[in-house]
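# Coordinate analysis (summary)
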Amino acid sequence: MTRVAQAGVGGWGKNVVRVVGELAELAWICDTDGKRLAEFGSRYPQARTTTAFADLLTDDEVDAVVVATPVPTHYELAKQALEAGKHVFVEKPPAMRGEEMEELVALAEARGLVLMPGHLLLYHPGLRVVKQLVDEGALGEVACVYGNRQNLGVIRSNENALWSLGVHDLSVILWLLEEEPSEAVAHGMDYLQEGIEDVVFCFLRFPSGRVAHMHLSWLDPHKMRKMTVVGREKMVVFDDMELERKVTVYEKAPWEPASSYGEWRTRTGDIFSPKIANDEPLRLELQHFLRLVQAGPGDHREAHDGLAVVRTLDRLTTSLRTGAPA
Ligand SMILES: NC(=O)c1ccc[n+]([C@@H]2O[C@H](COP(=O)([O-])OP(=O)(O)OC[C@H]3O[C@@H](n4cnc5c(N)ncnc54)[C@H](O)[C@@H]3O)[C@@H](O)[C@H]2O)c1
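So, a few notes on the structure that sits alongside this text.

## Focus: the overall build of the chain
Looking only at helices and strands, one finds nine helices and 14 strands in the chain. Over its C-alpha trace the chain gives a radius of gyration of 21 Å, about what one expects of a compact globule, namely 20 Å for 326 residues. In terms of overall dimensions, the chain has C-alpha extents of about 75 × 45 × 40 Å along its principal axes. A burial count over the chain gives 54% of its 326 residues as buried. A separation threshold of at least 6 residues defines the contact pool for the chain, and within that pool the share at least 24 residues apart is 63%. Put simply, the chain shows about 15,000 Å² of open surface, and 50% of that area lies on carbon and sulfur atoms.

## Topic: the sheet that holds strand S2 (residues 25-30)
Ordered in space as S3-S2-S1-S4-S5-S6, the six strands form an open sheet in which the pairing is parallel. Single-partner strands in this sheet number two, and they are strand S3 (48-50) and strand S6 (115-118). Along the sheet, successive strands turn relative to each other by an average axial angle of 20 degrees, direction set aside. For S2 and S3, the ladder comprises three bridges, and the chain directions are parallel. Within S3, the position partnered with cysteine 30 by the bridge is threonine 50.

## A few points about the site of the ligand
Around the ligand, the structure places 20 residues, and the nearest of them are Gly11, Trp12, Asp31, Arg36 and His74. A distance of 2.5 Å separates an oxygen atom of the ligand from a polar side-chain atom of aspartate 31. Protein burial of the ligand: of its 850 Å² of free accessible surface, 80% is covered by the chains.

Reading guide: rules and limits
Residues numbered from 1 in each chain as written. Predicted model: local features only at pLDDT ≥ 70, side-chain atom pairs only at ≥ 80, totals over all residues. Heavy atoms only, no water. Helix = DSSP H or I, 4+ residues; strand = E, 2+ residues; numbered from the N terminus. Rg over C-alpha atoms; globule rule 2.2 N^0.38 Å. Buried < 20%, exposed > 50% of the residue type's maximum accessible area, 1.4 Å probe, protein only. Contact = heavy atoms within 4.5 Å. Areas by Shrake-Rupley, 256 points an atom, 1.4 Å probe, with all protein chains shown as cover. Pairing = 2+ DSSP bridges. Axes fitted to C-alpha atoms, helices over the stretch in contact; angles between N-to-C directions. Near = heavy atom within 4 Å. Polar contact = N/O pair within 3.5 Å; in protein donor to acceptor, adjacent residues only side chain to side chain.

Below, the structure written as structure tokens:
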């Protein structure tokens, strides 16, 4: 069984450690908060505990390190773990600059280690159905994709709405379209804390001509977790706020009858919701990581997907700061 050490057992890390404990041998728990560490140490008595990350790295029996600490610490901790020869699962985003992520990917490749960013939504059974519809051409040619990730709160103070919320939608958009944007534009406003944008609108144009948009905000009356894909023949909506109808396929499209002399009409057919498996995305994600660790890293696709996301976030940040497309 793979021996795993986890750093960070906060708000999200506590979910991660539960699943790690079920799927692997939880060898260490590390958290700089001594009180929290003691609480989790008594919950998982089989694991050793420490406030010093370096302790995980000196244990030769640890195969993999899971990093679920705050975003600004990710790059440094992931780098130290890779340098110590450990496979790494790191929560999103693994780095806050494209160059840092490039360095992590190169390090993992050079050492033959797995580097997997925590892009949870790519393991959501509902989005897997959307991806399948796109890949098999069921929607026709895809024209545009847009994400809505809005709510009132959680108001973060060490990252803006683009980095905190946008990383989810961006990972999905790049995975669905399988290309990186040729143009990235972001506009936003920091209403609550200076320099930390609460509301961000992003526009992405891709070399194929497809476009994408993201509305990201923790200053909004609607709790929305939605992704819409508009194809030339069908359209599909993934709505994570729905309990039963997470995915809805609309047989709606424009059409141009031969007799209409260039005038477009619209066609509305069935609207249906395919059955979506109830599997927990976090469990599927960590199962995938452990499979990679067992099999060896292969083509490093997950690490490169993470690089594309960080690189695009970096460009959107440049646009946000300069007001110009990046
Ligand atoms: N995939 C998802 O859906 C999802 C959801 C929420 C958060 N996250 C990610 O999970 C990560 C953690 O978020 P959170 O909400 O749990 O944060 P949090 O602040 O609640 O918890 C972070 C924990 O890390 C500890 N910590 C800080 N620095 C450390 C260090 N150097 N070594 C060891 N422990 C350290 C803190 O004491 C705290 O217990 C973030 O990267 C966030 O982006 C992912």
